[in-house]
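The primary structure of each chain is shown beneath.
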Amino acid sequence: MSQVTFTHVSKHFGDSIAVDDMSLQIDDREFMVLLGPSGCGKTTALRMIAGLETVTSGDVVIGNTRVNDIAASDRDIAMVFQSYALYPHMTVRKNIESPLVARRNGRLNSTERARRVADAADVLGLGDYLDRKPGALSGGQRQRVALARAIVRRPEVFLMDEPLSNLDAKLRTQTRLELVELWRRLETTFIYVTHDQVEAMTMGSKIAVMTAGKLQQVGAPQAVYERPANLFVAAFIGSPPMNLLEGVLETTQAASVPGGRVPVANPASVAAGAAVTVGVRPENLHVGGSDVEATVASIELLGHERNVICNVGPARWVVRQGAHDAPLHVGDTIGLGVDPDYVHVFDTASTARVN
Amino acid sequence: MTTEPTPTTESTPTRRWRNLGWYVLLTALSILVLFPVYMTFIRAISGGAASLFQKKPSLLPVATDWSSFIDAFREGNLGAPLLRSLLVTAIIVVAQTVTSTMAAYAFAFLEFPLKKVLFALIMGTLLLPIEVTLIANVQTMFDLDLINVTDPTFGRTLTALTIPFLATALGVFLIRQGFLGIPHDLLDAARLDGYSDMAFLWKIAVPVTRPIVGSFIVISFLGAYNQYVWPRFAVKSNDYDTIQIALRNFLTDNPNQLNWGFAAALIAAVPVLVLLLVFQRQLVRGLTAGAVK
């Protein structure tokens, strides 16, 4: 069993709090993505699982073992670093073999080691590069060596700290798919840290959104996208981000905002008159409705669609439009229709979702 | 795909003139450095001629008498001192490399109480020239019976020659700087792989910083091999002279055969020359490491 559990885990660096009372259950064979902006504590959380940071308070449990006081090398985990952290003076073969030879106890014999290295190299297509040194490899190849070094030990849990951020865009997209395939093939737990919500959405079987050391929401990517738990998650997930506008709740099923009135299908749990922030994703708006009045400020052409950027009251909203819809011009005043089924209502003061 | 040439702010002729300036300067400096070696060589092969003592000695050899090298080696009995010097040097270099590397590791990667104070203290010793501690060290050696005028055994002498130099602040500093340049992820990866502190030090940290450790070995060798002042006090029998002491004695004993003296000096320099040729590339890389990234 290789589930990982955080129970009220905090990590303090002097006066600053990196991770604040985090409780999280990561199931066996899950691909969990810790997502958040830089400095949100996601890497610190990962490093606590790895044993590279001590835990200030709370318990970190891997399988059924509390690992707070267990050395990194004894935790049956492997980690891929953003910088790959390959040993520059060793060949690819030696790098991959390294976790098998470094530990004194339970060292495999050389035949078994060679077989494991060959297996790992085979999985990642590194067979031709085994005798090269990392300096003679491209970024993508180095990344594969780092992965091979991780899988050669056959650990219970894989930890990955932004492993794709040093790759170019094309290679990143390709490697994303390969990582998911690797996860399916290995049938183990992956815990993956990123600030890139596209990576989180496309790879994770679950995502955990963090900011300022606090866990904001945990769930399947689509669920988090469709029902963000608070304003931070709403604004962080989605590209372009969710359109937000402060207003006042008229009834539990409608909110008045500057420039119009937004219908809400899912009734809000707060009383009429409450200060709320209304959120609508760009794809849930259409030009030609009569809910909200807007002025076109700019238009982005993406080929297959257009992003119409408008001024709505004090806010900037983005409306997604088909490439062949009637063209708009900057300065046009338009009416926007809102799909009430997809309106998100947040309490402005507490930022929590209320519908 | 074609690559645009890197635009430069200065035109090619300007750069050419500047390069020429550098070459002239470097050539002049090389001549300055090599001139004494050249004159030593000229005088070594010029026989015992009186011209060597003139106020304006000839810049060209007045004779080509190669026998002075063989004579000097034989008459000065330089073989044994040379070997003794190499033994002393080897002990000091190995010890300094091991102690400096381990201390550097502690100061670079481990946390312990008074780390900064201890480091400052060790660095402080860099400011003390050997002359400051000389008398105290000689006294200590006498107290420990490692310098013994009446019974200077080889073991005593060897110990006295090496023991004050088994650790060096310069090495701790240089190698620590190298270690600090190792990316932190590498240390983390090694911890996860299961390397112990010692295994990380010798299998990863030292190989990764090889140019710096290599240049330290050269510096350490030069320092140990060229020692003169300390052996002057530590060696109490001509049977245990190091090469530099033997050289001095040989010169004193043969005031009329200065060509021998010059030849002997060149013979004494051979190990240094060999070392520099072997380590030349390492040395240059080590001394400039971190200067450009």
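Residues numbered from 1 in each chain as written. Chains lettered and ligands numbered in written order. Predicted model: local features only at pLDDT ≥ 70, side-chain atom pairs only at ≥ 80, totals over all residues. Heavy atoms only, no water.

A. Spatial organisation of the pattern of salt bridges. Residues and elements named next belong to chain A. Summed over all chains, the structure comprises 19 salt bridges over all chains. Taking the shortest distance from any N to any O, the salt bridge between aspartate 20 and lysine 214 comes out at 2.8 Å. With aspartate 20 in strand 2 (residues 16-26) and lysine 214 in strand 10 (residues 214-219), this residue pair connects regions lying 194 residues apart in the sequence. On the accessibility criterion, aspartate 20 (22% relative accessible area) is partly exposed. Taking the relative accessible area as the measure of exposure, lysine 214 reaches 42% and is therefore partly exposed. With a closest N to O distance of 3.5 Å, arginine 116 and glutamate 112 form a salt bridge. Of the two residues, arginine 116 and glutamate 112 both sit in helix 3 (residues 110-123), four residues apart, roughly one turn of that helix. What makes arginine 116 buried here is its relative accessible area of 14%. Each of Glu112, Arg115, Arg116, Asp119 and Arg154 takes part in salt bridges that share partners, so that together they form one network. (Salt bridge = Lys/Arg side-chain N within 4 Å of Asp/Glu carboxyl O. Helix = DSSP H or I, 4+ residues; strand = E, 2+ residues; numbered from the N terminus. Buried < 20%, exposed > 50% of the residue type's maximum accessible area, 1.4 Å probe, protein only.)

B. Summary view of the domain arrangement of chain A. Residues and elements named next belong to chain A. With domains assigned, chain A is organised as domain 1 (4-232) and domain 2 (243-347). The distance between the C-alpha centroids of domain 1 and domain 2 comes to 39 Å. Every contact between the two is made by seven residues of domain 1 and, on the other side, seven residues of domain 2. Buried area between domain 1 and domain 2, both sides added, is near 600 Å², and the carbon and sulfur share of it is 58%. The three residues of domain 1 that bury the most area against domain 2 are Tyr225, Pro228 and Leu231, which together make up 77% of that side's buried surface. Summed over the shared surface of domain 1 and domain 2, the number is zero salt bridges. For the pair domain 1 and domain 2, the interface holds two residue pairs in polar contact (both at pLDDT 80 or more). Residues of the side of domain 1 that touches domain 2, tallied by class, amount to four nonpolar, one polar and two charged. (Domains from an automatic or database assignment. Contact = heavy atoms within 4.5 Å. Buried area = accessible area lost by both parts, 1.4 Å probe. Polar contact = N/O pair within 3.5 Å; in protein donor to acceptor, adjacent residues only side chain to side chain. Nonpolar A, V, L, I, M, F, W, Y, C, P; charged D, E, K, R; others polar.)

C. Representation of the sheet that holds strand 6 (residues 77-80) of chain A. Residues and elements named next belong to chain A. Pairing is mixed in the open sheet, where six strands are placed in the order 6-7-8-3-9-10. Here the strands that pair on one side only, and so sit at the sheet edges, are strand 6 and strand 10. Going across the sheet, the axis of each strand differs from the next one's by a mean of 15°, ignoring polarity. (Pairing = 2+ DSSP bridges. Axes fitted to C-alpha atoms, helices over the stretch in contact; angles between N-to-C directions.)

D. Layout of helix 4 (residues 139-151) of chain A. With 13 residues, helix 4 of chain A should cover 18 Å at 1.5 Å per step; its first-to-last C-alpha distance of 19 Å lies within 8% of that length. Across the 13 residues that make up helix 4 of chain A, a large majority, 10, are buried. Within the sequence span of helix 4 of chain A, burial applies to Gly140, Gln141, Gln143, Val145, Ala146, Leu147, Ala148, Arg149, Ala150 and Ile151 of chain A. Lining the buried residues of helix 4 of chain A we find strand 6, helix 2 (92-102), helix 3, strand 7 (157-161) and helix 5 (169-186) of chain A together with helix 8 (184-193) of chain B. (Expected span 1.5 Å × (residues − 1).)

E. Quick look at the domain arrangement of chain B. Here the domain parsing of chain B yields domain 1 (12-69) and domain 2 (78-252 + 264-288). Between the C-alpha centres of domain 1 of chain B and domain 2 of chain B there is a distance of 32 Å.

F. Representation of the packing of aromatic side chains. Tallied over the entire structure, the rule returns 18 aromatic pairs over all chains. Their ring planes at 55° and their centres at 5.1 Å tell us that tyrosine 105 of chain B and phenylalanine 109 of chain B sit as a pair that is tilted. In this pair, tyrosine 105 of chain B and phenylalanine 109 of chain B both sit in helix 3 (residues 79-109), four residues apart, roughly one turn of the helix. For the pair shown, tyrosine 105 of chain B and phenylalanine 109 of chain B are each scored as buried. Each ring, one from tyrosine 105 of chain B and one from phenylalanine 200 of chain B, has its centre 6.1 Å from the other, and the planes form 55°; the classification is tilted. Taken together, the residues span a long stretch of sequence, with tyrosine 105 of chain B in helix 3 and phenylalanine 200 of chain B in helix 9 (residues 197-208) at a distance of 95 residues. Exposure remark for phenylalanine 200 of chain B: the relative accessible area of 2% places this residue in the buried category. Among the aromatic residues, ring-to-ring pairing joins Phe31, Phe158, Trp183, Phe190 and Tyr192 of chain A into one connected group. Across from the ring centre of tyrosine 87 of chain A, 4.9 Å away, lies the NZ or CZ of arginine 149 of chain A, which sits over that ring. Lying over the aromatic face of phenylalanine 119 of chain B, arginine 176 of chain B brings its terminal NZ or CZ to 4.0 Å of the ring centre. (Phe/Tyr/Trp six-rings, centres within 6.5 Å; stacked < 30°, edge-to-face > 60°. Lys NZ or Arg CZ within 6 Å of the ring centre and 35° of its normal.)

G. Broad picture of the pairing of strand 6 of chain A. Residues and elements named next belong to chain A. The side-chain alternation of strand 6 yields two buried faces, one formed by Ile77 and Met79 and the other by Ala78 and Val80. Strand direction decides the pairing type here: strand 6 and strand 7, joined by four bridges, are parallel. Looking at the pairing, methionine 79 lines up with leucine 159 of strand 7.

H. Region of the structure containing empty space enclosed by the protein. A full pass over the atoms with the stated rule returns three cavities of 30 Å³ or more. Along the walls of the largest cavity sit Ala78, Met79, Phe81, Pro99, Ala146, Arg149, Ala150 and Arg153 of chain A together with Ala189, Leu192 and Asp193 of chain B, which together make up its complete lining. Across the lining of the largest cavity, the residue classes break down as eight nonpolar, no polar and three charged. (1 Å grid on protein atoms, 1.4 Å probe; cavity = no way out; pocket = protein on both sides within 12 Å on 5 of 7 lines; lining within 4 Å. Points joined across faces, edges and corners; volume = space filled by probe spheres on them.)

I. Seen up close, the side chain of asparagine 307 of chain A. Along the chain, asparagine 307 of chain A turns up in strand 16 (residues 305-312). If we ignore the near neighbours within four places in the chain, the residues touching asparagine 307 of chain A are Pro240, Ser298, Ile299, Glu300, Leu302, Val318, Val319 and Arg320 of chain A.

J. A look at the environment of cysteine 310 of chain A. All names here are of chain A. Tracing the backbone through its elements, the reader meets cysteine 310 in strand 16. The class of cysteine 310 is buried, set by a relative accessible area of 0%. Through-space distance from the C-alpha of cysteine 310 to that of leucine 108 is 64 Å; in sequence the pair is 202 residues apart. Those residues within four positions of cysteine 310 in sequence are excluded, and the remaining contacts are Ala294, Thr295, Val296, Ala297, Ala315, Arg316, Trp317, Val319 and Ile334.

K. Fine view of the layout of surface pockets. Residues and elements named next belong to chain B. As a volume, the largest pocket reaches approximately 740 Å³. In terms of lining residues, the largest pocket is bounded by 24 residues, among which Leu128, Pro164, Phe165, Ala167 and Thr168 are the most central. Residue assignment for the lining of the largest pocket shows that the elements contributing at least two residues are helix 3, helix 5 (130-143), helix 7 (169-180), helix 10 (210-225) and helix 11 (229-234). Here the element with the most residues in the lining of the largest pocket is helix 10; it accounts for five residues. The class makeup of the residues in the lining of the largest pocket is 16 nonpolar, eight polar and no charged.

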